[in-house]
Every structure is written in C-alpha cells, then in structure tokens.
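# Report on the structure
Each chain is listed here by its residues.
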Amino acid sequence: MEIVSTMADYKRAYEQSVAHPEDFWSEIASDFVWKRKWDKVLEWDFKNAEVKWFIGGKMNITENCIDRHLAERADQTAVIWEPGDPGQKARMITYQQLHDEVCKVSNVLKSHGVRKGDRVCIYMPMVPELAYAVLACARIGAVHSVVFAGFSAGSLADRINDAGCKMVLTADGAFRGDKKVDLKKIVDEAVDKCPSVEKVLMLERIASKPSMKAGRDFDWQEEMNKADANCKAEEMDAEDLLFILYTSGSTGKPKGMVHTCGGYMVHVGYTFRTVFQYQPGQIFWCTADIGWVTGHSYILYGPLSAGATTVIFEGIPSWPDQGRFWQAIERHKVNTFYTAPTAIRSLQQSSVEFVEKYDLSSLKILGSVGEPINEEAWQWYNKNIGKEKCPIVDTWWQTETGGIMISPIANVTKLKPAFASFPLPGVQPAVMDEKGNEISGNGIEGRLAIKFPWPSIARTIYGNHQRFKEIYFSTFSGMYFTGDGCKRDDEGYYRITGRVDDIIIVSGHNLGTAEIENAIDEHKAVCETAVVGFPHDIKGQGVYAFVICYEKPKDEEKLRQEIRDTVSKIIGPIAKPDKIQFVSGLPKTRSGKIMRRILRKVAEGDTSNLGDTTTLLDPTIVDEITRGALG
Ligand code: WTA
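Below is a short write-up of the structure. Predicted model only: the values in this text are computed from it and were never measured. (Residues numbered from 1 in each chain as written. Predicted model: local features only at pLDDT ≥ 70, side-chain atom pairs only at ≥ 80, totals over all residues. Heavy atoms only, no water.)

Strand order in the open sheet formed by seven strands is β5-β4-β17-β16-β18-β19-β20, with mixed pairing between adjacent strands. Every interior strand has two partners, whereas the edge strands, β5 (91-94) and β20 (392-395), have only one. Taken over all neighbouring pairs, the strand axes of this sheet differ in orientation by 20° on average, direction set aside. The pairing of strand β4 (residues 77-82) with strand β17 (residues 309-313) spans four bridges and is classified as parallel. Following the sheet pairing, E82 is matched in β17 by F313. (Pairing = 2+ DSSP bridges. Helix = DSSP H or I, 4+ residues; strand = E, 2+ residues; numbered from the N terminus. Axes fitted to C-alpha atoms, helices over the stretch in contact; angles between N-to-C directions.)

What follows is the structure in structure tokens.
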C-alpha cells in the first residue's frame, strides 16, 4: 500500500478516496493476506444501518498479525511486556513465541468446546496472556468480548449475559499500583448469574490461590502444558464477527459494538502505518488498556499487522512514582508513545524532575486519544516529553469507528495544538446544524457526522440492530452521527469539542449519565438522581450527581460515601461521583423531562445565566439548587 508521506500525497490520496473509495480501499486491502479475494468491495445503505466491506473475501486476522511475519521476523520482538513493578523483569516475546502461545491458547479453547462464532469473555490484567487470549479467539473464529478488569461483578455479568458468552478467561488477580485486586472473586460472583458460561480459565498472576469450582474452573498453566503449539487459522468471512466491545450509551444499558474481520483489519492496519508513519524496527507504545478499543486497535491489531514491536504495560503512570512512563520509555527505547490527555494532565501536576531523570531521546512521535486535549496539556507534552522535536498526533475516533478517523499524519500535517486537524483518506466528515443541514465552508461549528462508510465502522449493536440504527443513523438522514460537537476553522482544521449527548468522558472512559443514575438509585435512601459532567482539571470531566432522598439525610458525608460505594460496586470505581449535592427536587419540564442544561450550568459553577426557566414545573427549585451548589 502506498503510505502518505507528504502533504501533496495526502491531498492526492484524499481526493482519490472520495472520488473512487472502492478502488482506494481495494488497493490497501491487497496488501493483506487473504485466503480468497473479495468479489465486491462495498455494499451500503446508511438509512438501514447496513454496511459490508470486501464481500466474499476470506481471511484470518491472526495470519496477518502473526504468521505472515514469521519468514522475516520470527526472532524479532513482537511484544515487550513491562510489568507494573519496575523491579520485575520485562518479558520480550518474539513473533515465533507469539505464534506458539496464541496457538496453544487456541487449542486450549478448542479442547473446552469453543467453536467458531462462540462468544468468549476476557477479563484479565495487562499481561501477555491477555494478548494471547484475544488473538487465540480470533484465530479459531470465536468472538472476543474483552471487559476492562476494573468493572464490577454486576457490570461483568451484564456484559457476559448480553453476549451469551460460553467461556470466561481471567486471572486470579491483578496488581494496581501496590494493591492487589481479586479478579477471580469478581468473576465467581458474576458467573453465578450467567447461565451461558460453561468454563472459566484462570491464569495465576498474584498467587492468591482462590477456590476453583470443579468441572467449571481450569488452571491456565496446566491447560497450556498439554496444548500443541500449532493451530490452523480458521477461515473467516470478511464480514464474520471478530469482536464485541461494550461502550456506554445514553440509556443505562451498555452497547455491544460489533466489529467484523476484514474491514476492521484493513482500516486499523492502514491508519496505524499512516498516522504514526511507522518504520520497520520501531518500538510502539500505546498506554491504553486492552479492555478499551484503543488497546484492541493500537496495542494489538494495528501494530502487529504491520510487524511492529508493541509494548504492553501492566502498571499505572503514578506508581511507584510519577516517572513510571518515562522510565519505561528509556528502558525500552520507545519510538512512538500514544497516551490519553488525562494521563498527561495528571503527570503535568508533578515536578518535571520526574521527566528529566530519564533519557527520552528515542522518542520520535507522540500521540493523544480519548478526549479533547486542552492546549496547556498539549504544550506541556510537546515541551517536556517531545522536547519540541516530536509531532503530536491528536487522533479522534471512537469504539464505533474501530480505528482513527481524524488526525494529523506525523511529520506530514502542520500541527495546531488541540486540533485533530484533517480527516484521513477514506473518511468523509460533515458538520451539521441543529436542523439537520450540512454546514459548508470554513470557520463554522456544529455536530460531527460522517457521510460515507469506512471499512472499520461497527456493523451493529450486538442483538439490537434497531437500537444501532436509532442511535447512529436517525439523527441525520443518510449519515452516521458521532455524538460529538466540532469546529472547522478557517483553514479547514477540525477541533473536536466534546460530546453533545448524555455521555461524559471521565479520565478517557465513556460513561452514560443514565448508567450512573441507575446505580445511585440502587441506594435505599435515594429516590431520584440526575447526573451531569463538569470540567475537571485532571479527569477532563468529573461526575456531578444531584440526588433526591426519601428523607433529609442526617449525616450527608456518610451518605455520600455510601453512594460512592454503591456506584463502585455496581459499575466500577471509575464511575464514582466526584460531587454529590442533595436536593429536594430537580428542574423538570411540565412533561417531566429533566432540564439538564440547567444542571450542567450549576455543575460548571456558572449560574449567571441559566436561560429560560419559565417552562419548568417548579421554577423555585432552581434557586435552591443554585444556593446549594458544590464548588
Ligand atoms: C472522544 C476512544 C477529542 C470523543 C478511541 C469520542 C476525542 C469518544 C478524541 C470516543 C480526540 C476520542 N479529541 N475527543 N482526539 N478521541 N474522543 O469510544 O468524544 O472510548 O466520541 O473511543 O472520545 O470514546 P471511545
């Protein structure tokens, strides 16, 4: 495939991708290994939320990510595993070893009855075995559903049940900083509520020796010792399911986004090589968790499809100290470092001495993803980490888009801090006004939609195509709606301004306000809740909850703590409210709809202009809420 390396290339590629999208993507797809070539590149109908790419094509993504590299790079490191504890030794896994381990896990899965099309839930810490597990599912055609190992038993059970998973792959526990989390205990609690689960495979990570249920639970190492290191890759149709990944929705129920094999592989492989201008031999580190889409696409599938060396980091940025990332960059001579604004903002708070201790001269390219990066964080990143020599690619995309959509191309696009800049070739954005008309020209602002399909667009919400259609394809007729707002400046640069729906992004994690409200309502003292986001220095957005109790709370602080614990137990610690204000009522319209606009203003600390409140059922409630606002 031709990789854009100048602005003139970009313009040419972009124009071709709009004029002849099928030829454009077909040429890129030809650089991958197919067992059978496709008959037709694309079929689509956005009105019915239907998209298919590379129809009739047969392939297996693991042959593209592993087998095809063996002739040339069997001994090259595929994965560098950096443990959370810097005192422990890193592990280097070559492409040959990756092949063997993935095949062994594949054989273990098969020996436990997992077949093509079966769903497998993966709930594991960031260890190499997590990568093997994901790739093993892909190899045998099982559909992986990775659930971030910070979710509670209840959230895990919901996701397992929604997908009807047959097997769960987990570990006894995980290290988080110097703390241990008992994952197996959480899995046991979840699986009790999951009738579809037949087997649980458990890796030992924290040596906690949890109890094992005979006939259901199996020890990872014992099973691996019996497994063969070869396993034929299943022939997959381009449109067969590769994975399900849950993301928060505006209603309480998470959405199981479905990605398929062929288009996802092509888009993720292409964008990895283009955006990061990957060169053979380079070391690439994306700090996301594999439990999120960024980890799927740019720790595993993207880099491995390009034959890169990818880093998997088990730890957290602040333990043992705020220098942990920089230490690991020095240790492994990382060339490209891809992280989230929330991590940058939190590290920016500490002394630059934590950065200056380390040699970061191997760095060539920096990236950012997950939420809008504010200019201050961008400048800090540029100055202290990139030493003003490394371009920062601010990549905009979503779980639903599968891969990067709008982003600078490293060393090609002239950068503007906090701008995701231009759409990649193959991506056709549109900025829409509230009435649903496309706004043309530059120097404008509106809602971001996409007019034409790209290969890694999610195909559906698992088990609920109607919901998929409603959420993404009914706001703007014939277009995919992203849920984000954006600006396009005078030079045509895009700046993503954030969500325009009821999703808030806390430390890069998408959370539905309804999901948190439902969790808070589970507390027996709580009658009704409204949750909104508010600007937070480190997390980007924080969670602000307005809570009505049945009785006036006697000890507000104690109740706040209990509510936080309830949310932590039901969803996971990431969703805990930062601020809880007890109120006697909520600003509701006569039709009973909560006017969140007002609550957002209160949460932002800006009550100077609350707009028209006359349509409220009880306008006096606004005064009470404003008076009690938490600073
Ligand atoms: C936000 C993560 C601004 C956006 C890959 C999007 C961003 C949501 C950026 C998807 C960026 C992601 N600039 N906002 N560079 N990247 N977002 O599904 O609101 O976890 O809709 O996918 O994150 O989050 P998700």
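Turning our attention to the sheet that holds strand β7 (residues 143-146). If you trace the eight strands from one edge of the open sheet to the other, you get β12-β11-β8-β6-β7-β14-β15-β23, paired in mixed fashion. The strands lining the two open edges of the sheet, one partner per strand, are β12 (217-219) and β23 (460-461). Relative to strand β8 (residues 167-171), strand β6 (residues 119-123) runs parallel, the two sharing four bridges. When the sheet's bridge partners are listed, V120 is paired in β8 with M167. Its contacts with the sheet place helix α8 (residues 183-191) against β6, β8, β11 (199-203) and β12, and it is angled at close to 160° to β8. Set on the sheet, helix α10 (residues 261-275) makes contact with β14 (241-247) and β15 (255-260); between it and β15 the angle comes to about 80°. (Contact = heavy atoms within 4.5 Å.)

Here the focus is the site of the ligand. Taken together, 17 residues sit near the ligand, with D394, T395, T399, D484 and R499 positioned nearest. Here an oxygen atom of the ligand sits 2.5 Å away from a polar atom, N or O, in the side chain of T399. The side chain of D484 places a nitrogen or oxygen atom 2.6 Å from an oxygen atom of the ligand. A total of 520 Å² of accessible area belongs to the ligand in isolation, and the protein chains cover 96% of it. Among the secondary structure elements, those contributing two or more residues to the shell around the ligand are α11 (293-305), β20 and β25 (494-499). Residue classes in the shell around the ligand are distributed as seven nonpolar, six polar and four charged. (Near = heavy atom within 4 Å. Polar contact = N/O pair within 3.5 Å; in protein donor to acceptor, adjacent residues only side chain to side chain. Areas by Shrake-Rupley, 256 points an atom, 1.4 Å probe, with all protein chains shown as cover. Nonpolar A, V, L, I, M, F, W, Y, C, P; charged D, E, K, R; others polar.)

Moving on: the pattern of salt bridges. Scanning all chains against the criterion turns up 39 salt bridges. Notably, a salt bridge pairs R596 with E517, separated by 3.0 Å at the nearest N-O pair. Pair noted here: R596 is in helix α19 (residues 596-604) and E517 is in helix α17 (residues 513-521), with a separation of 79 residues, a long-range link. Here R596 matches E517 in class, with each residue buried. One salt-bridge network, in which partners are shared between bridges, spans K184, D188, R216 and D217. (Salt bridge = Lys/Arg side-chain N within 4 Å of Asp/Glu carboxyl O. Buried < 20%, exposed > 50% of the residue type's maximum accessible area, 1.4 Å probe, protein only.)

Bringing the layout of surface pockets into the picture now. Roughly 660 Å³ of volume is contained in the second largest pocket. Only β25, β26 (503-506), β28 (526-536), β29 (540-549) and α19 provide two or more residues apiece to the lining of the second largest pocket. Its residues placed into classes, the lining of the second largest pocket shows 12 nonpolar, seven polar and nine charged. (1 Å grid on protein atoms, 1.4 Å probe; cavity = no way out; pocket = protein on both sides within 12 Å on 5 of 7 lines; lining within 4 Å. Points joined across faces, edges and corners; volume = space filled by probe spheres on them.)

Turning to empty space enclosed by the protein, a few remarks are in order. On inspection of all chains with the given rule, the structure shows one cavity of 30 Å³ or more. There is about 40 Å³ of room inside the largest cavity. Surrounding the largest cavity, V146, V147, F148, F151, R159, L245, Y246, G291 and W292 form its lining. Here the residues of the lining of the largest cavity are counted per class, giving seven nonpolar, one polar and one charged.

What follows is about unusual backbone geometry. A cis amide bond links W319 with the next residue in sequence, P320, at an omega value of 0°. Note that P320 resides in the loop between β17 and α12 (324-332). Positive phi outside glycine occurs at A418, with the angle close to 70°. One non-glycine residue, S507, lies in positive phi territory at about 50°. Looking at the secondary structure, you find S507 in the loop between β26 and β27 (509-512). Given a relative accessible area of 25%, S507 falls into the partly exposed group.

Our focus in this paragraph is the packing of aromatic side chains. Per the counting criterion, the structure on display carries 45 aromatic pairs. Look at W25 and Y270: their rings are 5.6 Å apart centre to centre, the planes differ by 80°, and that puts the pair in the edge-to-face class. You can see W25 sitting in helix α2 (residues 21-29) and its partner Y270 sitting in helix α10, a full 245 residues away along the chain. Overall, the relative accessible area of 1% leaves W25 in the buried class. Joined through ring pairs, the aromatic side chains of W44, F46, F452, W454, F468, Y472, F473 and Y480 make up one cluster. Here the guanidinium or amino end of R159 rests over the ring plane of F151, the centre of that ring lying 4.3 Å away. The side chain of R495 reaches across the aromatic face of F419, ending 5.3 Å from its centre. (Phe/Tyr/Trp six-rings, centres within 6.5 Å; stacked < 30°, edge-to-face > 60°. Lys NZ or Arg CZ within 6 Å of the ring centre and 35° of its normal.)

Another aspect to go through is helix α6 (residues 128-140). Counted at 1.5 Å a residue, the expected span for α6 with its 13 residues is 18 Å, and the 19 Å between its end C-alpha atoms agrees. Within α6, 13 of the 13 residues are buried, which leaves the element mostly enclosed by the surrounding structure. Once α6 finishes, G141 follows within two positions and takes phi at roughly 80°, a positive value. (Expected span 1.5 Å × (residues − 1).)

Packed helices, taken two at a time, are described by the angle their axes make and the gap between the axes. Relative orientation of the contacting elements helix α7 (residues 153-163) and α8 amounts to 55°, with a least axis distance of 8 Å. Taken together, the axis directions place α7 and α8 in an arrangement best described as oblique. Between α7 and α8 the crossing geometry is right-handed. Of α8, the residues touching α7 (which contributes A153, L156 and A157) are I186, V187, E189 and A190. Partitioning the contact of α7 with α8 into residue classes produces six nonpolar, no polar and one charged. (Parallel < 35°, antiparallel > 145°, perpendicular 65-115°, else oblique. Left-handed = near helix turned anticlockwise from the far one by under 90°.)

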